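If you want the building blocks of each chain, they are given just below.
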Amino acid sequence: LRVRQAFAYCIDRQKIIQTLYDDLSSVPTTFLPPGHPMLTQDLTAIPHDAAKGNELLTQAGWVDDDNNPTTPRIAQGAANVKGGTPFEVTYDTTQATARAKTAELIAADLAECGVKVDVKTLDPSQLYAAGPDGVLFGRSFGHFTRSLRCK
């Protein structure tokens, strides 16, 4: 939970909207559109706050052991992660300009919080191929699993 919250604080979604969509949208609070009948309460977007994101990552056991923001945090007490494992993830997306640029912006924001993101742009047929072999629908999320648990 803290890591998910930290990512939400670290990623500047308003900057993404301004940069890519000329500020023609608001920051979404959920995957559901405004006014959807399943929304039973008003939600507010989590604001961009890298300091809060960094604090949450530390609480979750991901520490900046070298006080160098350009290197990834490492696991020290992170649940189900071998101590000393760097916080490195892969962001798979398509080669579409908006998707690739969004991934780059997210990677830069997360780097400020000590998370290394390797952006990989794939042909849509690769990314969306059917499971079990497809990158997304195969649901193995192997890049993440390998980088966090197998060292």
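Below or above, wherever it landed, is the structure these notes cover. (Residues numbered from 1 in each chain as written. Predicted model: local features only at pLDDT ≥ 70, side-chain atom pairs only at ≥ 80, totals over all residues. Heavy atoms only, no water.)

### Quick look at helix α3 (residues 50-59)
Item 1. Within α3, the full set of buried residues consists of Ala50, Gly53, Leu56 and Leu57. The arc enclosing the buried residues of α3, seen along the axis, measures out at 120°, which places them on a common side.
Item 2. Close packing links the buried residues of α3 with α1 (2-10) and β1 (62-63).
Item 3. Gly61, located one to two residues past α3, shows a positive phi value of around 95°. (Buried < 20%, exposed > 50% of the residue type's maximum accessible area, 1.4 Å probe, protein only. Helix = DSSP H or I, 4+ residues; strand = E, 2+ residues; numbered from the N terminus. Arc of directions from axis to C-beta. Contact = heavy atoms within 4.5 Å.)

### Brief notes about unusual backbone geometry
Item 1. A cis amide bond links Gly131 with the next residue in sequence, Pro132, at an omega value of 5°.
Item 2. Within the secondary structure layout, Pro132 lies in the loop between α5 (124-127) and α6 (142-149).
Item 3. Unlike most non-glycine residues, Asp22 shows phi in positive territory, near 50°.
Item 4. As for its placement among the helices and strands, Asp22 is situated in the loop between α2 (13-21) and α3.

### Things to note about a nonpolar patch on the surface
Item 1. Taken together, Tyr128, Leu136 and Phe137 make up a surface patch of nonpolar side chains, about 280 Å² in accessible area.
Item 2. When you line up the elements, Leu136 lands in the loop between α5 and α6. (Patch = residues over 30% accessible without salt bridge, like charges linked within 9 Å, V, L, I, M, F, W, Y side chains within 5 Å. Areas by Shrake-Rupley, 256 points an atom, 1.4 Å probe, with all protein chains shown as cover. Salt bridge = Lys/Arg side-chain N within 4 Å of Asp/Glu carboxyl O.)

### Considerations on the packing of aromatic side chains
Item 1. Scanning the entire structure with this criterion turns up three aromatic pairs.
Item 2. On the numbers, 5.9 Å between centres and 35° between planes, the contact of Phe7 with Phe87 is tilted. Here Phe7, found in helix α1, pairs with Phe87, found in the loop between β2 (74-75) and β3 (88-94); they are 80 residues apart in sequence, far enough to count as distant.
Item 3. Look at Phe87 and you get buried, because its relative accessible area is 2%.
Item 4. Where Trp62 meets Phe87, the ring centres are 4.2 Å apart and the plane angle is 35°; that geometry is what we call tilted. In this pair, Trp62 sits in strand β1 while Phe87 sits in the loop between β2 and β3, placing the two residues 25 residues apart along the sequence. Across the pair, exposure class does not vary: Trp62 and Phe87 are buried alike.
Item 5. Joined through ring pairs, the aromatic side chains of Phe7, Trp62 and Phe87 make up one cluster. (Phe/Tyr/Trp six-rings, centres within 6.5 Å; stacked < 30°, edge-to-face > 60°.)

### Some thoughts on the nonpolar core
Item 1. Leu57, Trp62, Phe87, Leu110, Val115 and Val117 are the most contacted members of the largest nonpolar core, which totals 22 residues.
Item 2. Every element with two or more residues in this core is listed here: α1, α3 and α4 (97-111).
Item 3. For this core, the element with the most residues is α4, which contributes four residues.
Item 4. Beyond its immediate chain neighbours, meaning those up to four positions away, Val117 contacts Val89, Tyr91, Ala107 and Leu110. (Core = buried A, V, L, I, M, F, W, Y, C linked by side-chain atoms within 4.5 Å.)

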